[in-house]
Amino acid sequence: MFSKKNIILLLASATLFVTPVYAAKVYQVATDAAYAPFESVNDKKEIVGFDMDVIKAVALKAGIEVQLHNTPWEGIFATLSSGDRDLVASAVTITPERKQSMDFSDPYFEAKQLIAVGKKSNINNFSALKGKKVGVQTGTTGDEIVQKLLGKTSPNIKRFESTPLAIKELLNGGVDAVVADNGVVINFIANNKSSSLKTIDDATFAKEFYGFAVKKGNKELLEKLNKGIAAIKADGTYDKIHKKYFGN
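Worth saying up front: this structure is predicted, and the values here are computed from it rather than measured.

For the rest of this paragraph, the subject is the overall build of the protein. A count of helices and strands for the protein gives nine helices and 14 strands. What you see for the protein is a C-alpha radius of gyration of 24 Å, clearly larger than the 18 Å of a compact globule of 248 residues, by over 25%. On the principal axes, the C-alpha backbone points of the protein span a range of 100 × 35 × 30 Å. The 248 residues of the protein split such that 43% are buried. Residue pairs in contact within the protein that sit at least 24 positions apart in sequence constitute 72% of those at least 6 positions apart.

Take a look at the structure:
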């Protein structure tokens with residue numbers, strides 16, 4: 001028979017062998033929520049959009065948790081190297097230049113550049129932008145291809161914090177055209193049908209692919225993201241999200 005004192009001692013020592021329970025890691029996600037329909041802020045101050053639905057679905061399949069943070073595009077990639085954020089989910093085009101400083105998941109969206117001009121404009125292709133004032137979002141692939149046409153230091157490249165701001169400048173007559181991702185341009189025009197804008201799809205624009213960006217060398221997180229992407233494509237979840245934002 002154990003005495004009351006011995007029982008207390010046994011219980012106390014047993015606690016030394018209990019495995020502690022730690023909270024699951026929550027991955028911090030940076031996104032520039034000014035890029036509808038991929039990411040934006042709704043009336044409830046929630047970050048919503050195609051990318052947000054995709055990353056949440058990917059996280060669910062991968063068995064991880066994510067927390068979204070609205071982060072300005074300029075400097076968004078620096079949050080990876082600093083460790084403030086674990087990944088960037090913000091319609092990020094996978095490019096050789098970006099691969100030098102960060103790693104990417106498998107592609108989850110195909111896009112290309114599109115030119116927006118006024119309906120009465122005589123601009124009909126990309127090369128016609130020479131000598132014109134062109135609006136772009138700073139640091140985007142649209143910015144990069146316009147630099148190749150007009151020159152990196154060209155004063156005719158007008159840079160803005162977001163594509164909607166660039167398009168508004170086009171509507172105000174401050175620029176002659178805007179070059180940006182097709183999904184964003186089409187979404188803006190669809191939701192502003194009185195804007196008197198048209199689009200030009202130039203044959204020289206190559207296909208682009210979006211991926212989730214992570215800190216260079218973070219293979220563990222990449223494997224989880226790729227697992228989730230494959231799973232939502234396999235079970236039809238991705239198709240449902242795509243249809244929600246872009247139709248058939």
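Turning our eyes to something else, we now look at the sheet that holds strand S8 (residues 113-118). Read across the open sheet, the five strands follow the order S10-S9-S11-S8-S12; overall the sheet is mixed. Each of the sheet's edge strands pairs with one partner strand only, and the pair in question is strand S10 (157-160) and strand S12 (197-200). Strand-to-strand twist in this sheet, taken as the mean axis angle between neighbours without regard to direction, amounts to 30°. Of the pairings in the sheet, the one linking strand S9 (residues 134-137) to strand S11 (residues 177-181) comprises two bridges and is parallel in character. Bridge pairing in S11 places Val 134 opposite Ala 177. Its contacts with the sheet place helix H6 (residues 163-171) against S8, S9, S10, S11 and S12, and it is angled at close to 160° to S11.

Contact geometry of helix H2 (residues 50-62) with helix H9 (residues 237-246) gives a least axis separation of 10 Å together with a crossing angle of 165°. Our classification of the angle between H2 and H9 gives roughly antiparallel. Regarding H2 and H9, the two cross each other, and that crossing is right-handed. Between H2 and H9, the contacting residues are Phe 50, Asp 53, Val 54, Ala 57 and Lys 61 on the first element and Thr 237, Tyr 238, Ile 241, His 242, Lys 244, Tyr 245 and Phe 246 on the second. When grouped by side-chain class, the residues that make up the contact of H2 with H9 number seven nonpolar, two polar and three charged.

Let us look at the domain arrangement of the protein. The domain architecture assigned to the protein consists of domain 1 (26-108 + 211-246) and domain 2 (111-207). Domain 1 and domain 2 are separated by 25 Å when their C-alpha centres are compared. Summed over both sides, the interface of domain 1 with domain 2 buries roughly 980 Å², with 52% coming from carbon and sulfur. Applying the counting criterion to the domain 1 and domain 2 interface returns zero salt bridges. There are four residue pairs in polar contact (both at pLDDT 80 or more) connecting domain 1 and domain 2.

Once that is clear, we can look at the packing of H6 against helix H7 (residues 182-190). In contact at an axis separation of 11 Å, H6 and H7 are set at 55° when each is read in the N-to-C sense. With respect to H7, the axis of H6 lies oblique. Relative to H7, H6 is oriented so that their crossing is right-handed. Across the interface between the two elements, Thr 163, Pro 164, Ile 167 and Leu 171 of H6 pack against Val 184, Val 185 and Phe 188 of H7.

What follows is about the UniProt feature "domain: Solute-binding protein family 3/N-terminal" (unreviewed entry) in the protein. In the numbering used here, UniProt assigns the feature "domain: Solute-binding protein family 3/N-terminal" (unreviewed entry) to residues 26-248. End C-alpha atoms of residues 26-248 are separated by 34 Å, and the span's content is 34% helix alongside 24% strand.

Right, let's get into the layout of surface pockets. Roughly 320 Å³ of volume is contained in the largest pocket. For the lining of the largest pocket, the secondary-structure elements that each account for two or more residues are helix H4 (96-99), helix H5 (141-150) and strand S13 (208-210). The leading source of residues in the lining of the largest pocket is H5, at four residues. Among the residues making up the lining of the largest pocket, the classes are represented as seven nonpolar, five polar and five charged. Among the domains, domain 1 (26-108 + 211-246) and domain 2 (111-207) are the pair contributing at least three residues each to the lining of the largest pocket.

About the thresholds
Residues numbered from 1 in each chain as written. Predicted model: local features only at pLDDT ≥ 70, side-chain atom pairs only at ≥ 80, totals over all residues. Heavy atoms only, no water. Helix = DSSP H or I, 4+ residues; strand = E, 2+ residues; numbered from the N terminus. Rg over C-alpha atoms; globule rule 2.2 N^0.38 Å. Buried < 20%, exposed > 50% of the residue type's maximum accessible area, 1.4 Å probe, protein only. Contact = heavy atoms within 4.5 Å. Pairing = 2+ DSSP bridges. Axes fitted to C-alpha atoms, helices over the stretch in contact; angles between N-to-C directions. Parallel < 35°, antiparallel > 145°, perpendicular 65-115°, else oblique. Left-handed = near helix turned anticlockwise from the far one by under 90°. Nonpolar A, V, L, I, M, F, W, Y, C, P; charged D, E, K, R; others polar. Domains from an automatic or database assignment. Buried area = accessible area lost by both parts, 1.4 Å probe. Salt bridge = Lys/Arg side-chain N within 4 Å of Asp/Glu carboxyl O. Polar contact = N/O pair within 3.5 Å; in protein donor to acceptor, adjacent residues only side chain to side chain. UniProt positions renumbered as here; feature names shortened; annotations may be inferred. 1 Å grid on protein atoms, 1.4 Å probe; cavity = no way out; pocket = protein on both sides within 12 Å on 5 of 7 lines; lining within 4 Å. Points joined across faces, edges and corners; volume = space filled by probe spheres on them.

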